[in-house]
Every structure is written in C-alpha cells, then in structure tokens.
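Listed below, chain by chain, are the residues.
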Amino acid sequence: MTYESNKAIDANSITIDGETVPFDAGQTIMDAALAAKIHIPHLCHYPGLTPAGNCRLCMVEMNGESVAACVTQAQSGQQVSSNTPELNAARLAITQMLFVEGNHICPSCEKSGNCRLQAMGYYLGMLEEHFHQFNPRREIDASHSTVLLDRDRCILCDLCVRASRDIDKKNVFAIAGRGIHARLVVNTASGKLGDSNIEENDLAAKICPVGAILIRERSFDSPVGERIYDRRSISDTALTEHVPEKEVDRG
Amino acid sequence: MTDSKSTESAATGTRRIAIDPITRIEGHGKITLMLDSDNHIQEARLHIVEFRGFEKFIQGRPYWEVPFFVQRLCGICPVSHQLAAAKAVDQLAGIEQLTPTATKLRRLLHFGQILQSHALHFFHLSSPDFLFGFGSDPMRRNIAGVLEKYPDIAMQGIKMRKYGQQIIEAITGKRIHGTGTLPGGMNRQLSQTWRDALLADIEDILEWSENALRLNEQIHTEHPEQADFAMFHSNYLSLVDNTGALEFYHGGLRACDSGGTPIFDHQDYCDYRQILREEVRAWSYMKFPYLQQLGNERGWYRVGPLARVNNCDAITTPLAEAARRRFKAFGGEGPVHNTLAYHWARMIEVLHCAESIQRLLHENEITGTDLTAEKGDRRQQGIGVIEAPRGTLFHDYTVNDEGIITKANLIVSTTSNNQAMNESIRSVANRYLDGREITEALLNHLEVAVRAYDPCLSCATHALGKMPLQVELLDATGTLVHRLVKQGGGGN
C-alpha cells in the first residue's frame, strides 16, 4: 500500500493544536497533519517511505501520552498537541544532540543550505550546541566512483536504508550496532561502498537529509542565495516532500 | 582605546605593564627584546605563539571540499584562500583551462578581495598612525579618531572596503565566506543587476583610490625623516605575468635581490619545492621560509605589495602604471626598501584593482553563462599559487586514488614576511628603545613596523585562541625586566 492510495475521504477527524484535522483510514497523525498542511517537525520521515520513528523529533502529546506522530495511527477523537513550548524545547535538545553526536562542520559542508538538520536547527532557534561535542572518529568511505559516504555527518535517520531496500531494491545500507554504537554500514563483504551496486541516480544516494551521502565532486554547485533553505523554511518545504512517483513506480 | 596597568615585583625588581585591548593587527603575537648589561638590544623577536593546524585536519577530507574548508582560515582574506585552493583543485580534477567567463569572474573576485583588504588595512588599521603620529594619544589613534578629525578620508576608506565586499557578495553570495569556485569553474553567473550596480559606483572608487595614493605619496615625499624607519635591504618574491607585469591571479614566480637583479624569473610555481625551503625555529609557530638557492641565512625575502611593485616591470592599467613610475623614481629606479613604503605600494595596487574592476565589468564575457570546463583525468597533486593581499600564497595538496587529501602544505603570505618583520622590530628597537624604558608610544612604534606588512597572524600560524601582543624586556641573564601586554579581542 502506498501513501497515495489513501485518498478516500473519511469522516474521522482529530485535533492538532486545537485545529480539526480529518484523516483517512490507515493514516498516521503525521500523514493527517501533512495532508492538512500542518508542520510537525521531523527528520527521519519522508512520505513515500515506510515510517521508522527514529529521530523522535515528531513526538507529540496525544491525549496526555507522548507518541511519535509518524508511527502512531490517527484515531477519531485524538487531541494532539504539537506546537508547544515544551515539545519544541525537547525537539531543540534532540537536534542539539544530533549535532554533537557527529562531526557537523556546517561552514565547510557542501550540504550547508540544503541540509535538513541545519534547517531544523534554524527553525527551532538553535543558537549553540549546548551539549559537549562527542568528536567521534568515524570512517569516510570514498571507494565509490560517484557516491561518497561521510559517516561524520550521519544522524542514523535510516532513510537511505529504507530507500535502498524498498525503492531501489538494492539493500545497500543497514544500521549496525545498538545505542551509542549504532552506525551506518554497507551490505557488502568488504563493507565498502565501492563494492556495492549503488548508483548516483538511486533514491538512496539522493535522500540523505544531511551531508552523509553525497554525489561526488558536486561540491557547492548551489550558489548561496539559491539553496533550498536560503529561500524557504523547513516548515514549508516539509509539507510537500514525497518520494517521486517514478521512484515509487520503480520500486 | 587602550588602558594600561603596571605591576611591580619587589623581589625581582621587575615591572609588568598591561595594555588592554590589542588593536589594529590581524591576529595575535608577542615581541621579546633581549638586552645586554648596558641595556643595548641584543635580539628582537616576533613570536607567533598560536597554533591551528589546518594542514593536519584537512587530511582525510575529499579534495573538492578544500576551498571552503581552508577559506575559514581567515575572515579578512577568505577569498584568497578559496581561490588558491580552487586553482589546486582544478589541477586535481585534471582541468587545464577555465572558460573565459570563469577566469574573468575569478579575477574580478580577486580584485574585489584585494581592494577591500587593502582599504581595511590602510584606512581602518594604519591611517591613524600617519594622520595623528606614531606616538600620539592612543585614545584618538584609531578609526573612530579618523572619522572625527578626517571624516572624508575615513568615509572614503569605509566605502572602498564596502565596494570590494559587494563584488565578493555579487560573485560568492556573501561578503565573507561565500561559495563561488567549483572544480574547473564557478557556480553562478554575474547578474546584469549586480554589474550595473557595481559600474554605477566605480568612478567614485577610482577617485578615492587616487586620493589615497596621493596621501601615501605625500607621506613619503614630505616626511623624509620616516624614510629609514624599519629600513633594511632584502630580497623580494612575487608572481609576475608572462610579460613581467604585476599579476595577482596567475603567473610565474620572480625573485629579485636587494639591487633588483632577478634571482630567478618566470619560475613555474608548481616547482616551488625546488626553490623554497621552510625553517622551523623553537620560539615561534610561524615557519621561516627562504630561497633555497641562497640558503637560510641570506635567502629570506619579503612578499606583498612592496615586493610586487618592486618586482614587476609594469602595471597593465594606466593610472597605476604612472603611479608605479613615480614610486620607482623615488627609489632611484631600483627597489624601494622602506618598510613604510608597503603602504604606498598597497595604494598603487588599490588603484590597479579599481581600474581592473572597471575594465572587467565592461567586458561582455563577465556576465556569460559558460561557467565550467570539462574535467580531465584526476591527478595526485594540485598546487595553487596566487598573490593574496599580503603576498604570495601557496596551497599544495596531495590526494590518494579515492580523491581524499593525504597531505597538505600551505605557505601563507605572512609566513614569508616572518624574518622581515623580525628585522623590522630589531631595527625599530635599536633606534627607539635602546637604553630606554618601554612606553606605550614605543610599543606603537614596534607595532607600526609590524603593521606595515599587514600581517595576518591567524592565517600564517593557523592559530587557535586569542593571544595578546606582548613586549618582554629581558636582561642579559634572561631575567624579565619589563613586560607590556596588550590583551583583547584581536583583529580577526
């Protein structure tokens, strides 16, 4: 079942921050919110891919319970709070933790201006990282001729894993390890991207929200002022994101 | 503004004077003076006690990222670092020739960068010394004082800097730390709107550049007593174009001795390792480069505006060329060795930038859309050399088969002037300090000598932290006699 198939009008509705929002059977709170053009902050959710509930930015209060909007089914009568100072403070702390867990050097990162993590930081009013830097030592994988994997910037959102498995049907990536030891790995005997069958036009090569998976040698080809988040807020762009139909068809 | 405080040690008889904050240099340094038992200067040193290590931490990064990584070395001349790295990246990507539009855009960007950097240095940082005097009231000896007493001069300087920054913004999207260069080209065309806006102001910039040049000519011709301030003979190194003319973006290396005789000429900068060496000394994080041919004792040289204007045979724009001829006449047709003539040469270059900007903006190709060249076979080593505002800048990168940087060597302009700045301090200390007590006015004399080079100590040492400028006076036994410290936010 694809996202697009859930178009039938259902009389059911929920409220999000006091606003009545209709939903279709099978939709999550996130689905209903996006359909109603309401932004619930998220990084690991991408319509068209199976929700994973990894990043926890979309945590909302639902009838007094904290739930992740992207993986919680909408049910009639739910009263959802999302845009509250408490929840946004928690989202800010999560975003700050994502920054300090990796090595996110925005000034020299070619994803800067097109990066959803950076845009989320701006959206949430993040002025500093607050927590101590982990300064992890992570391996960069430049073995592939057209795709670069820079684990320094990986936030373990799992989008590349799902895109490669469910859309590209190549199953190139996986998350290995648990907790603080979790890491993005490549499903080849060598563990090297160069030995995988990923191609630069694959969804998995393009969907990374940060600068962890990059097309090589395209550095800074988007001029300052013309990058995605130079012109629009992530609260705006996130409302229209969806895996392109041709990719879904391909899957 | 400067505050000072003095502390004395009854036990050792030493006195420590602190002046806070540091002003009017880019970065942080320390000066030590060694005295013999008669309080005569034995040794004077400029220490750069900072460390940043860019060469180390760009190892392991993909090569195409480097221009934007290394431009963060500096907030004054990031464009210089971006362009030097971009030239190296062009080589790494196997690109021989940029498109005409990309070449002109990079040149325009570079002229804008030099214009704004030189304007900042002369008007904001150095003009107070000349307009008020080296030993004048430090409360007034700053850009705010210039604005109050000489508002026209100060405003012209501020607007000239703004104009240079607008050129940078037009091409890179931001006035500081924008993007722009790509392997083999540029990432966007210059809009007609920007071109028209820049052309609308260029006549003013030309006029103000001539005014600034005139002021500097007067400083030298009407104040001959300053001629021997930090004066000494040296070798000079710079790029020149294939005709021997002044060149900032791309050319061959020329070194001349103190008589103006070439030591080498039109040397391919990719062979710089054969002609330059770097010496490490224990007391400074800044290396001491020298010309291999002459050895480390005699092979040190000066770079920057004085070297470039001394070394070149001509300047390709008429007003600047006329100014160069007057400069040469002042030097008796040989090299001008006056350290303060750095300022004069700097303003000749400002005029050349203004003329060149006007010329480039009138060319049709400057708004062209053919921005990138086809890549060729990737190479293992890329070397980019340009003339940054402060002098010849070398970026040298080695990559592995996967395009990851394995080695980097940067010889930053100020590094090349390391020995010369030490010589200047020694000269000033001998003349003004010998046998005397340190005063704020003396401290500023030392600073004036260093300031002439427009040093960017953060660039040169890749510094981390904020170290103050200090002057320490040691007696023959190495005991601290006096120490003057200027603390503060620094200029970078």
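The structure displayed is predicted, hence computed values, not measured ones.

## Things to note about the overall build of chain B
Counting secondary structure elements, chain B contains 16 helices and 17 strands. Scored against the burial criterion, the 492 residues of chain B give a buried share of 63%. At a minimum sequence separation of 6, the contacts of chain B that also span at least 24 residues come to 71%. Roughly 17500 Å² of accessible area belongs to chain B as shown, and the carbon and sulfur atoms make up 48% of that amount.

## Digging into the UniProt feature "binding site: Mg(2+)" (unreviewed entry) in chain B
Residues and elements named next belong to chain B. With numbering matched to this structure, UniProt assigns "binding site: Mg(2+)" (unreviewed entry) to Glu55, Leu410 and His462. Using a relative accessible area of 18% as the deciding quantity, one classes glutamate 55 as buried. A distance of 2.9 Å separates the side chain of glutamate 55 from the backbone nitrogen of leucine 410, its partner in a polar contact.

## Regarding the interface of chain B and chain A
Contacts between the two partners involve 22 residues from chain B and, on the opposite side, 19 residues from chain A. With both chains or domains summed, chain B and chain A bury close to 1800 Å², and 55% of this area falls on carbon and sulfur atoms. Considering only the side of chain B, the residues that lose the most area to chain A are Arg61, Trp64 and Glu402 of chain B, jointly responsible for 31% of the buried surface there. Summed over the shared surface of chain B and chain A, the number is six salt bridges. Taking the shortest distance from any N to any O, the salt bridge between arginine 188 of chain B and glutamate 226 of chain A comes out at 3.7 Å. On inspection of chain B and its partner chain A, the count reaches eight residue pairs in polar contact (both at pLDDT 80 or more). Class assignment of the residues belonging to the side of chain B that touches chain A gives a composition of seven nonpolar, seven polar and eight charged.

## A word on the packing of aromatic side chains
Residues and elements named next belong to chain B. Inspection of every chain in the model, using the stated rule, returns 15 aromatic pairs over all chains. Ring geometry for phenylalanine 54 against phenylalanine 57: centres 4.7 Å apart, planes inclined by 50 degrees, an arrangement best described as tilted. Of this pair, phenylalanine 54 and phenylalanine 57 both sit in helix α1 (residues 54–57), three residues apart, which is roughly one turn of the helix. For phenylalanine 54, a relative accessible area of 6% puts it in the buried group. With a centroid separation of 5.0 Å and an interplanar angle of 80 degrees, the aromatic rings of phenylalanine 327 and tryptophan 344 are classed as edge-to-face. In this pair, phenylalanine 327 sits in helix α11 (residues 318–330) while tryptophan 344 sits in helix α12 (residues 341–361), placing the two residues 17 residues apart along the sequence. An aromatic cluster is defined as three or more aromatic residues linked by ring pairs; in this entry it consists of Phe130, Phe134, Phe229 and Tyr432.

## A short note on the UniProt feature "binding site: Ni(2+)" (unreviewed entry) in chain B
All names here are of chain B. Per the UniProt record, "binding site: Ni(2+)" (unreviewed entry) is found at Cys74, Cys77 and Cys456. Considering the C-alpha atoms alone, the annotated residues occupy 383 residues of sequence yet fold into one spot, their largest mutual distance being 9.0 Å. Tracing the backbone through its elements, the reader meets cysteine 74 in the loop between α2 (66–70) and α3 (78–92). Since its relative accessible area comes to 5%, cysteine 74 is described here as buried.

## Observations regarding the sheet that holds strand β10 (residues 213–215) of chain A
Residues and elements named next belong to chain A. One open sheet accounts for three strands, arranged β6-β7-β10; its pairing is antiparallel. The open sheet is flanked by β6 (140–141) and β10, the only strands paired with a single partner. Of the strand pairs in this sheet, strand β7 (residues 147–150) and β10 are connected by three bridges, and their pairing is antiparallel. The residue of β10 that forms the bridge with leucine 148 is leucine 214.

## Regarding the UniProt feature "domain: 4Fe-4S His(Cys)3-ligated-type" (unreviewed entry) in chain A
Annotation from UniProt places "domain: 4Fe-4S His(Cys)3-ligated-type" (unreviewed entry) at residues 86–125 of chain A. Spanning residues 86–125 of chain A, this segment combines 60% helix with 0% strand, and its end C-alpha atoms are found 14 Å apart.

## Remarks on the pairing of strand β3 (residues 59–62) of chain A
Residues and elements named next belong to chain A. Pairing geometry for β3 and strand β4 (residues 65–68), over four bridges, is antiparallel. Note that in β4 the partner of valine 60 across the bridge is valine 67. Following β3, the chain reverses through two residues before pairing antiparallel with β4; asparagine 63 in that reversal takes a positive phi of roughly 50 degrees. Looking at chain direction, β3 and strand β5 (residues 79–81) are connected through two bridges and run antiparallel. Across the sheet, the residue bridging to glutamate 61 is serine 81, located in β5.

Conventions adopted
Counting restarts for each chain: residues are numbered from 1 in the order of the written sequence. Starting at A for chains and at 1 for ligands, labels are handed out in the order in which the entities are written. Given that the model is predicted, a residue must reach a pLDDT of at least 70 before its local features are reported, and side-chain atom pairs must reach 80 or more before they are shown or counted; all residues, however, enter totals for whole chains, interfaces and linings. The basis for every side-chain value is the complete set of heavy atoms in the structure, and neither hydrogens nor water enter the calculation. Secondary structure elements follow DSSP: runs of H or I of four or more residues count as helices, runs of E of two or more count as strands, with numbering from the N terminus. Under the scheme applied here, a residue whose accessible area is under 20% of the maximum for its type counts as buried, over 50% as exposed, and between as partly exposed, the area being computed with a 1.4 Å probe on protein chains only. Two residues form a contact once any of their heavy atoms are found within 4.5 Å. Every accessible area reported is derived by Shrake-Rupley at a probe size of 1.4 Å, with residue values counting cover from the shown protein chains alone. UniProt positions are given in the numbering used here, feature names are shortened, and annotations may be inferred rather than shown by experiment. Polar contacts, as used here, are pairs of N or O atoms within 3.5 Å; protein pairs need one atom able to donate a hydrogen and one able to accept it. Residues neighboring in sequence count only if both atoms are side-chain atoms. Put simply, buried area is how much 1.4 Å-probe accessible surface two parts lose in total, over both of them, once they are put together. Counted as salt bridges are all cases of a side-chain nitrogen of Lys or Arg within 4 Å of a carboxyl oxygen of Asp or Glu. Each residue gets one of three labels, nonpolar for Ala, Val, Leu, Ile, Met, Phe, Trp, Tyr, Cys and Pro, charged for Asp, Glu, Lys and Arg, and polar for the others, Gly among them. The criterion for an aromatic pair is that two Phe, Tyr or Trp rings (for Trp, the six-membered ring) have centres within 6.5 Å, with stacked assigned to planes under 30 degrees apart, edge-to-face to planes over 60 apart and tilted to the rest. Pairing between two strands requires that DSSP report at least two bridges joining them.

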